Amino acid sequence: MRVRARSVDYDSKRRRLLGRIALRFKQPDRPSLRELAAAAEVSVPTLRHYFGDREGVVSAVLADAHARGAPFLALAARPEGPLPHSLRSGLMQVVQGHLFAVGGFHAIGLTEGLLHRTIGPHYLQTILEPALQAFELRLQAHIDLGELKPTSVRHAALALVAPVVLFMLHQGELGGHRVRPGAAGELVDYLVDGFVAAYAVQRSA
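Residues numbered from 1 in each chain as written. Predicted model: local features only at pLDDT ≥ 70, side-chain atom pairs only at ≥ 80, totals over all residues. Heavy atoms only, no water.

Participant: Explain unusual backbone geometry to me, and be specific about the residues and the numbers.
Facilitator: Its identity as a non-glycine residue notwithstanding, glutamate 41 has a phi of 65 degrees, on the positive side. Note that glutamate 41 resides in the loop between α2 (33-40) and α3 (44-51). Given a relative accessible area of 64%, glutamate 41 falls into the exposed group. A positive phi is found at leucine 115, a non-glycine position, where the angle reads about 70 degrees. Structurally, leucine 115 can be placed in the loop between α5 (83-113) and α6 (119-144). (Helix = DSSP H or I, 4+ residues; strand = E, 2+ residues; numbered from the N terminus. Buried < 20%, exposed > 50% of the residue type's maximum accessible area, 1.4 Å probe, protein only.)

This is the structure:
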C-alpha cells in the first residue's frame, strides 16, 4: 500500500511539473534544462528524477498533450451531418484546437523536433499524426455512407488538415497576423468547396 501511495504522489507531482514546463516552452526561445527546472520551481536533479534528460522533458510534455487531447480527437473522428457540413466542422475543430490547445505544442514539436532523431518522430506520433488519423476516420465514415468516392483517406486528410495547421502557425506562432493577416474560415471554405466538388458522390434527382 505504501508503494502505491508513493506512486500516486509521484504521478500527480509529475503532472504538475509538466504544466509549468509546458508554459516555459511556449516562450520564444529554447530553454536549457536548468531554465526548465527554474520554471518548474524545482532543482535540476529533481527534474532529472522525473524526466531524465532534456529530451525526456520534451517528450513528456508532448505525450501529456496527447493524453489531454484524446477526448477531442475522438470527437474529430466522428462525422457530423451531411458531407460539406461535416468537413467544415472538422476543420474548424482543427482551428479551435490550435487556438486553445495544441498550437503551442505544434510549435514545441517543430522547434525541438526538426532534424532531431527521436523528438521529431515523437512529435509526429503524439501531436500531428493523431490529428490526421482522426480526420482519416471521419473521411472513411463518409465513404462508408456513400457520400464520398473511394479515395486514399491518408492523402485526403493531409490535403485538408495540413494547410489549416500551416495557416494557423503562419497567423499565430510565426506572426503572420501582422505580416499578412487572413481568416481561417475562408481557407476552410476554399478547401471544403474544392474537395466536395472533386470527391462528393453526386446523387441523382
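Participant: Summarise the environment of glutamate 173; cite the residues concerned and give the values.
Facilitator: Position of glutamate 173 among the secondary structure elements: in the loop between α7 (153-171) and α8 (176-179). What glutamate 173 contacts, discounting residues up to four positions off in sequence, is His98, Gly103, Gly104, Ala107 and Met168. Side chain to side chain, glutamate 173 and histidine 98 meet in a polar contact 3.1 Å long. (Contact = heavy atoms within 4.5 Å. Polar contact = N/O pair within 3.5 Å; in protein donor to acceptor, adjacent residues only side chain to side chain.)

Participant: Give a detailed account of the packing of α6 against α7, specifying residues and quantitative values.
Facilitator: Two numbers describe how α6 lies on α7: the axes approach to 8 Å, and their chain directions differ by 115 degrees. Remark: the crossing between α6 and α7 carries right-handed chirality. Along the contact surface, α6 presents Glu129, Leu132, Phe135, Glu136, Leu139, Gln140 and Ile143, while α7 presents Val153, Arg154, Ala156, Ala157, Leu158, Leu160 and Val161. (Axes fitted to C-alpha atoms, helices over the stretch in contact; angles between N-to-C directions. Left-handed = near helix turned anticlockwise from the far one by under 90°.)

Participant: Can you tell me about the packing of aromatic side chains, naming the residues and giving the values?
Facilitator: Under the definition given, this model contains three aromatic pairs. Here the aromatic rings of phenylalanine 195 and tyrosine 199 are separated by 4.8 Å at their centres, their planes lie at 35 degrees, and the arrangement is tilted. Of this pair, phenylalanine 195 and tyrosine 199 both sit in helix α9 (residues 184-199), four residues apart, roughly one helical turn. In textbook terms, an aromatic cluster arises when at least three aromatic residues are bridged by ring pairs, as seen for Tyr10, Tyr50 and Phe51. (Phe/Tyr/Trp six-rings, centres within 6.5 Å; stacked < 30°, edge-to-face > 60°.)

Participant: Just give me the short version of the packing of helix α4 (residues 54-76) against α6, but keep the residues and values in it.
Facilitator: Contact pair α4 / α6: the axes reach a minimum separation of 9 Å and the direction vectors enclose 5 degrees. Between α4 and α6, the angle is such that the two are roughly parallel. Counted together, Glu55, Val58, Ser59, Leu62, Ala63, Ala65, His66, Leu73, Leu75 and Ala76 of α4 and Ile119, His122, Tyr123, Thr126, Ile127, Pro130, Ala131, Ala134 and Arg138 of α6 form the full contact between these two elements. (Parallel < 35°, antiparallel > 145°, perpendicular 65-115°, else oblique.)

Participant: Give me the lowdown on the pattern of salt bridges, citing residues and values where you can.
Facilitator: Evaluated as defined, the whole model comprises 10 salt bridges. Between glutamate 112 and arginine 54 there is a salt bridge; the shortest N-O distance is 2.8 Å. Taken together, the positions of glutamate 112 in helix α5 and arginine 54 in helix α4 put the pair 58 residues apart, joining distant regions of the chain. A relative accessible area of 22% means that arginine 54 is categorised as partly exposed. Between arginine 88 and aspartate 189 there is a salt bridge, and its shortest N-O distance comes to 3.0 Å. Linking arginine 88 in helix α5 with aspartate 189 in helix α9, this pair joins segments that are 101 residues apart in sequence. By relative accessible area, arginine 88 is classed as partly exposed at 27%. Overlapping salt bridges, with partners in common, bring together Arg24, Asp29 and Glu35 in one network. (Salt bridge = Lys/Arg side-chain N within 4 Å of Asp/Glu carboxyl O.)

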